[in-house]
Amino acid sequence: MKTMRTVLASPRLTLAGFALLALLVWATSADARVSSSWIALPSSVLAANLGATMVVHRALRRGGLGLFHAALLVGMLVVALGRLLHFEGRVELTQGGELAAEAIEPLSIGPWNNQAWRGVRFEQGPIRVHYAAGVRRAQTVSEVLVPADGAAPAAQQVGDTTPLVIDGYRFYTTHNKGYAPLLSWRAPGRDTTTGAVHLPSYPLFDWKQEQHWRTPDGVDVKLWLRTDAPLNEREAWVFEPAAQVATLVVELQGQRFELRPGDEARVAAGRLRYERLLGWMGYRIHHDPMLLPLFWLALLGIAGLAWHLWPRWVTPRWRRLEWSRTMKGST
Amino acid sequence: MVANDEGVDMNAVSAPLVSMPELPWLWAGVLTCLAAAGLAWAGLRAPVPAHDMPGSRGQRPWRLLELALVLVAVGLAQRWWRLGHGPFLDMFEILASSLLSLGLIAAWASRRDRALRAAAPVVLSLLALMGLWLLVTDPADTHLPATYQTPVLWFHVLLGKLFLGCALWALGLAGLLLLRRTGWGARCLLRLPGDDVLDSSAWRVMQVALLFESLMLVAGAVWAQDAWGRYWAWDPLETWAFLTWLLLVGALHARRSMRLSSATSAWLVVAVFTVAFLTFFGVPFVSVAPHKGAV
């Protein structure tokens, strides 16, 4: 038992733990297929190492130093647990559309994740992104409607440093957003299909506002968007798709159409109606139930460190005596 | 220009120098700082009056530094007023604000710590070096991203400045200890406390630096979580800040558990400060913005 404790408390294990941590951090950043859940492994090794060291060295368990090391130990375990429970993902949501689990693209999921992200619902409202001169992004305002039990959906404004939080899942607006023309396709003998086509991110791809779409019955449609107010790099402006008027250029079965909102393009295969211009917002999704415990543990650890250091620092009288003694000795 | 939507290039808008009224003040502050450093070195060569306490003759460089800080503060205030945001963004702003904050901490500490007062050549030389760097840095206007408009940023930046200020204080004391090991230094710095006192003083300040750095990392994580949806992503600045914390913690443990000589201990202070300095001012060489691509 003693040997086990000694091995676990070894400084070599500390170095090995940090080396493993560095290796896995590098691997997770270099290769998206390597899940960040693996960080739980070196965190656990380092936690075991610190725990054993605290058992071996009594000084590490006393007073402020004890509080600091205990908070550090629990903190490492909490980080590991957070990696096992976490969820990272992204989603693009059209104005007026509701979040559906199928639309979410998971980027990283911890093996113990509660999968509650599949049940999260909210509706995307109007989008406004303010820009300073020089196409420099300023404030982002994304309005969302969150369903409430037995009541009307509650409107919320999210953006920049204010995420939307539902069931512990945090939705952050990103620079990724753009236009989404709302189209209706009616083929002879079929029901009308209505949906929005997401154009490339704007204004990042201002020069490439084009998209390809295939109707449910297999007709290829090419789309280009030409806004009435082109991007002005010299002045401040607001990206607000619902307020923007644009011409949708459509290539359908070899014919070219220029559609204004409400116009239709008619070909033998059916009719394509450009209803109006909407926008889409890209969200980053983050879930880690250990966030708050980790924050308080970090503060507790620092408080322990301050408690430990305080008597060593606030000793002005002692310091004066020390100085005088030294001066006498040197003259 | 559209790529600015990513917020990567903070220096995209160049304003003509005549429209930057802050520059003469900043340059005057830098020149005064250089003069203070020169005076500190010249003071070392002067004979020490028998009745003088160590460092009291060296008050003039510190007073000159205080004048330099007033000039830099006026320049920074003008820039702040003109741009409508604090100096948080590019290398020019970070250098200028650090010159002010580190100078203020050093000037305050010099009034409390007589040994640090004697360390003027070390501390003021470093500040002068930062000033020279500022002179050759592009002062282009910057744009404050929306993710920077949060009170947490103030705490994060303030704690970072306090950490580096304490590390500079410790560096001054460790620098004295090391300078005294040279033949010339031994003659000039004879009337200072013993190596053990300088060493323990330096590490007491480093312990406070550890507190501030730990708090800075926590505040930074809170900001990153709100701004970018992750509290830690191992970006270059985060990684180097963590390495600095590890090195400082490792040095504190090494000093406690091993019998290090005063010189080795002083070199450890130099090492910690060097890594911290590179983290603050070296990483922006690799990434234009403090957190590249994350704004």
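Note that the structure is predicted; figures quoted are calculated from it, not measured.

Residue and element names in this part refer to chain A. What the four strands build is an open sheet, ordered 5-4-3-11; its pairing is antiparallel. Two strands lie at the open edges of the sheet, namely strand 5 (151–158) and strand 11 (237–239), each paired on one side alone. Strand-to-strand twist in this sheet, taken as the mean axis angle between neighbours without regard to direction, amounts to 15 degrees. Where strand 4 (residues 136–148) and strand 5 come together, six bridges link them in antiparallel fashion. Residue pairing for strand 5: V146 is matched across the bridge by A154.

Across the contact, 33 residues belong to chain B and 36 residues belong to chain A. Its residues assigned to classes, the side of chain B that touches chain A shows 17 nonpolar, ten polar and six charged.

For the rest of this paragraph, the subject is the nonpolar core. A167, A170, L176, M206 and A209 of chain B are the most contacted members of the largest nonpolar core, which totals 114 residues. Top contributing element to this core by residue count: helix 8 (residues 195–228) of chain B, with 20 residues. In terms of nonpolar packing, the next biggest core, distinct from the first, is built from 43 residues, L183, A196, Y202 and I285 of chain A among them.

Moving on: unusual backbone geometry. All names here are of chain A. Omega for the peptide link from Y202 to P203 comes to 5 degrees, which places this bond in the cis form. Structurally, the position occupied by P203 is in the loop between strand 8 (193–196) and strand 9 (210–214). Backbone geometry places V135, a non-glycine residue, at a positive phi of 50 degrees. For V135, the location among the structural elements is in the loop between strand 3 (123–132) and strand 4. Judged by local crowding, V135 falls into the buried class, with 21 C-beta atoms found within 10 Å. Despite not being glycine, D160 has its phi angle at roughly 55 degrees, a positive value. Exposure remark for D160: the 22 C-beta atoms within 10 Å place this residue in the buried category.

Next up on the list: the environment of E143 of chain A. All names here are of chain A. With respect to the helices and strands, the residue E143 is situated in strand 4. Residue classification places E143 among the partly exposed residues on the basis of 17 C-beta atoms within 10 Å. Remark: the alpha-carbon pair of E143 and G262, spanning 119 residues in sequence, is separated by 25 Å. If sequence neighbours within four positions are ignored, E143 has contacts with G125, P126, A155 and Q157.

All names here are of chain A. The sheet built from four strands is open, its strands ordered 9-10-12-13 with antiparallel pairing. In this open sheet, the two edge strands, each paired with only one partner strand, are strand 9 and strand 13 (255–259). Going across the sheet, the axis of each strand differs from the next one's by a mean of 20 degrees, ignoring polarity. Alignment of strand 10 (residues 220–227) against strand 12 (residues 246–252), held across seven bridges, turns out to be antiparallel. Bridging across to strand 12, R226 finds its partner in T247.

What follows covers helix 9 (residues 236–257) of chain B. Residues and elements named next belong to chain B. Helix length check: helix 9, at 22 residues, gives a terminal C-alpha distance of 31 Å against a target of 32 Å (1.5 Å per residue), a fit within 8%. Those residues of helix 9 not exposed but buried are L237, E238, A241, T244, W245, L248 and A251. Buried residues in helix 9, looked at end-on, bunch into an arc of 155 degrees, giving them a common side. Residues of helix 9 that are exposed and point more than 90 degrees away from the buried face comprise L246, H253 and S257.

Turning our eyes to something else, we now look at the domain arrangement of chain A. Residues and elements named next belong to chain A. Domain annotation for chain A reports domain 1 (2–86 + 290–330) and domain 2 (88–286). Look at where the C-alpha atoms of domain 1 and domain 2 centre, and you get two points 46 Å apart. With seven residues of domain 1 at the contact, the number on the domain 2 side is six residues. Considering only residue class, the side of domain 1 that touches domain 2 consists of two nonpolar, four polar and one charged.

Residues and elements named next belong to chain A. Its place among the elements puts H69 in helix 4 (residues 63–85). Taking the C-alpha atoms as reference, H69 lies 8.8 Å from L305; in sequence the two are 236 residues apart. Apart from the residues within four sequence positions on either side, H69 is in contact with L50, M54 and L60.

So, about helix 5 (residues 291–313) of chain A. For helix 5 of chain A, built from 23 residues, the straight-helix expectation of 33 Å at 1.5 Å per residue is met to within 8% by its first-to-last C-alpha distance of 32 Å. Residues L294, L297, A298, G301, I302, G304 and L305 of chain A constitute the buried set of helix 5 of chain A. On its buried face, helix 5 of chain A is in contact with helix 4 of chain A together with helix 8 of chain B.

Turning to the packing of helix 9 of chain B against helix 10 (residues 262–281) of chain B, a few remarks are in order. Residue and element names in this part refer to chain B. Where helix 9 contacts helix 10, the axes come no closer than 9 Å and their chain directions differ by 170 degrees. The pairing of helix 9 with helix 10 is recorded here as roughly antiparallel in orientation. Here L237, W240, A241, L243, T244, L247, L248, A251 and R255 of helix 9 come into contact with helix 10, specifically with S265, L268, A271, V272, V275, A276, L278 and T279.

Another point: the domain arrangement of chain B. All names here are of chain B. Each domain of chain B was delimited in the assignment, giving domain 1 (17–144) and domain 2 (145–295). Among the secondary structure elements, those contributing two or more residues to the side of domain 1 that touches domain 2 are helix 3 (91–112), helix 4 (114–118) and helix 5 (120–135). Here the element with the most residues in the side of domain 1 that touches domain 2 is helix 3; it accounts for nine residues. The residue inventory of the side of domain 1 that touches domain 2, partitioned by class, reads 20 nonpolar, two polar and no charged.

Residue and element names in this part refer to chain A. Two strands pair when backbone bridges link them, and strand 7 (residues 169–186) and strand 8 are joined in this way by four bridges, in the antiparallel orientation. The residue of strand 8 that forms the bridge with S184 is T194. As consecutive antiparallel partners, strand 7 and strand 8 are separated by six residues, and within that stretch G189 has a phi angle of approximately 75 degrees, a positive value.

Quick look at the environment of E258 of chain A now. Residues and elements named next belong to chain A. Position of E258 among the secondary structure elements: in strand 13. Residues E258 and L292, 34 residues apart in the sequence, show an inter-C-alpha distance of 53 Å. Excluding residues that lie within four positions of it along the chain, E258 makes contacts with T247 and V249.

Scoring rules and cut-offs
Residues numbered from 1 in each chain as written. Chains lettered and ligands numbered in written order. Predicted model: local features only at pLDDT ≥ 70, side-chain atom pairs only at ≥ 80, totals over all residues. Pairing = 2+ DSSP bridges. Helix = DSSP H or I, 4+ residues; strand = E, 2+ residues; numbered from the N terminus. Axes fitted to C-alpha atoms, helices over the stretch in contact; angles between N-to-C directions. Contact = placed C-beta atoms within 7 Å. Nonpolar A, V, L, I, M, F, W, Y, C, P; charged D, E, K, R; others polar. Core = buried A, V, L, I, M, F, W, Y, C linked by C-beta atoms within 7 Å. Buried ≥ 20, exposed ≤ 12 C-beta atoms within 10 Å, placed from the backbone. Expected span 1.5 Å × (residues − 1). Arc of directions from axis to C-beta. Domains from an automatic or database assignment. Parallel < 35°, antiparallel > 145°, perpendicular 65-115°, else oblique.

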